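Commentary on secondary and tertiary structure
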Amino acid sequence: MKSDNELIKDYQNGEIEAFNELVKKHLNMTYNYFLSITQDRVESDDLTQKVFLNLIKGLKNFRFQSSFNTYLYRVKINVLNSYFFKNKWNSFLHLDQIKEPSIDDSNHEKAFLSKELWKNIEMLPKKQRNVIVLRIANQLSYKEISEVLSISEDAAKNNYAHGVKTLKKRMNHG
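Conventions we followed
Residues numbered from 1 in each chain as written. Predicted model: local features only at pLDDT ≥ 70, side-chain atom pairs only at ≥ 80, totals over all residues. Heavy atoms only, no water. Helix = DSSP H or I, 4+ residues; strand = E, 2+ residues; numbered from the N terminus. Buried < 20%, exposed > 50% of the residue type's maximum accessible area, 1.4 Å probe, protein only. Contact = heavy atoms within 4.5 Å. Areas by Shrake-Rupley, 256 points an atom, 1.4 Å probe, with all protein chains shown as cover. 1 Å grid on protein atoms, 1.4 Å probe; cavity = no way out; pocket = protein on both sides within 12 Å on 5 of 7 lines; lining within 4 Å. Points joined across faces, edges and corners; volume = space filled by probe spheres on them. Nonpolar A, V, L, I, M, F, W, Y, C, P; charged D, E, K, R; others polar. Phe/Tyr/Trp six-rings, centres within 6.5 Å; stacked < 30°, edge-to-face > 60°. Lys NZ or Arg CZ within 6 Å of the ring centre and 35° of its normal. pLDDT = per-residue confidence, 0-100. Salt bridge = Lys/Arg side-chain N within 4 Å of Asp/Glu carboxyl O. Expected span 1.5 Å × (residues − 1). Arc of directions from axis to C-beta. Axes fitted to C-alpha atoms, helices over the stretch in contact; angles between N-to-C directions. Parallel < 35°, antiparallel > 145°, perpendicular 65-115°, else oblique.

To continue, consider the overall build of the protein chain. Helix and strand content of the protein chain: ten helices and zero strands. Seen in sequence order, the protein chain has helices and strands lined up from the N terminus as α-α-α-α-α-α-α-α-α-α. The 174 residues of the protein chain split such that 44% are buried. Within the protein chain, counting contacts between residues at least 6 apart in sequence, those at least 24 apart form 64% of the total. Carbon together with sulfur atoms contributes 49% to the accessible area of the protein chain, which is approximately 10000 Å² in total.

Okay, here's the thing in structure tokens:
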């Protein structure tokens, strides 16, 4: 099986099948990423399609300055930010239904599945939201997050800490 970089080079040389292989390789992971956040199969399908549509355009100019996984995370984050922005008003309507969460490192999985938590994550400032999504949904290290978002490791840690603090405050007052 070819590496992602080999597939991208083949795609850039006009081999459409190489892109199809790349999609097959990353489709389930991308779909499950969005499903875990939206809890909606139709939304997850749409968001996944948007990611791969963006890749069709973007990979033609991919310069291999970062890994494909880093690039894919950036595309997923951008699609997710657009989704959050589109659904921003919906998140305000559900604030009165928020239950008290448990946001600690040992309980990320349960908090991750909470629609109320994601609605509150949507309302965080963009940098905090991106760091929290990458940390919780993708379980990336702060070093990996810093590479994906082009920020320092300390900035990633600070944005995560501030985001979690804000989430605890909001959700404890729900």
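Let's pick the thread back up.
So, on to the layout of surface pockets. Roughly 180 Å³ of volume is contained in the largest pocket. Lining the largest pocket, in full, are Ile-37, Thr-38, Asp-40, Glu-43, Tyr-83, Phe-84, Asn-87, Lys-115, Trp-118, Lys-119 and Glu-122. Within the residue set of the lining of the largest pocket, elements represented by two or more residues are helix 2 (16–38), helix 4 (68–86) and helix 7 (115–122). In terms of residue count, the dominant contributor to the lining of the largest pocket is helix 7 (four residues). Its residues placed into classes, the lining of the largest pocket shows four nonpolar, two polar and five charged.

Another aspect to go through is the packing of aromatic side chains. Inspection of every chain in the model, using the stated rule, returns six aromatic pairs. On the basis of an interplanar angle of 65° and a centroid distance of 5.0 Å, the ring pair of Tyr-33 and Phe-34 is categorised as edge-to-face. Between Tyr-142 and Tyr-160, the aromatic rings sit 5.9 Å apart at their centres with planes inclined by 70°, giving edge-to-face as the arrangement. With Tyr-142 in helix 9 (residues 142–149) and Tyr-160 in helix 10 (residues 153–172), this residue pair connects regions lying 18 residues apart in the sequence. Among the residues examined, Tyr-160 registers a relative accessible area of 9% and is labelled buried. Counting every residue linked through ring pairs, the aromatic cluster contains Phe-62, Phe-64 and Tyr-71. The ring of Tyr-142 carries Arg-135 above its face, with NZ or CZ at 4.1 Å from the centroid. Residue placement shows Arg-135 over the ring face of Tyr-160; its charged tip is 5.8 Å from the ring centre.

So, about the confidence of the model for the protein chain. Averaged over every residue, the pLDDT of the protein chain is 83; the share at 70 or more is 83%. Here helix 6 (residues 108–112) stands out as the element of the protein chain with the lowest mean pLDDT, 45, in contrast to helix 1 (residues 4–12), whose mean of 96 is the highest. Predicted confidence for residues 92–113 stays below pLDDT 50, and this span has 32 contacts to residues more than four positions away or in other chains.

Here the focus is the pattern of salt bridges. Summed over all chains, the structure comprises five salt bridges. Across the salt bridge formed by Glu-17 and Lys-24, the nearest N and O atoms sit 4.0 Å from each other. Across the salt bridge formed by Glu-21 and Lys-24, the nearest N and O atoms sit 3.5 Å from each other. Here Glu-21 pairs with Lys-24, and both are found in helix 2, just three residues apart, close to one helical turn. A single salt-bridge network, built from bridges that share partners, covers Glu-17, Glu-21 and Lys-24.

For helix 10, which comprises 20 residues, the first-to-last C-alpha distance of 29 Å matches the rise-based estimate of 28 Å (1.5 Å per residue) to within 8%. Of all the residues in helix 10, the buried ones are Ala-156, Asn-159, Tyr-160, Gly-163, Val-164, Leu-167 and Met-171. Viewed along the axis of helix 10, the buried residues span an arc of 130°, placing them on a single side of the element. Of the exposed residues in helix 10, the ones pointing more than 90 degrees away from its buried face are Asp-154 and Lys-165.

A few words now on the packing of helix 8 (residues 126–136) against helix 10. In the contact formed by helix 8 and helix 10, the axes pass within 8 Å of each other and the chain directions differ by 95°. When the interaxial angle is binned, helix 8 and helix 10 end up roughly perpendicular. Here helix 8 contributes Lys-127, Gln-128, Val-131, Ile-132 and Arg-135 to the contact with helix 10, which in turn contributes Ala-156, Asn-159, Tyr-160, His-162, Gly-163, Val-164, Thr-166 and Leu-167. Class assignment of the residues belonging to the contact of helix 8 with helix 10 gives a composition of six nonpolar, five polar and two charged.

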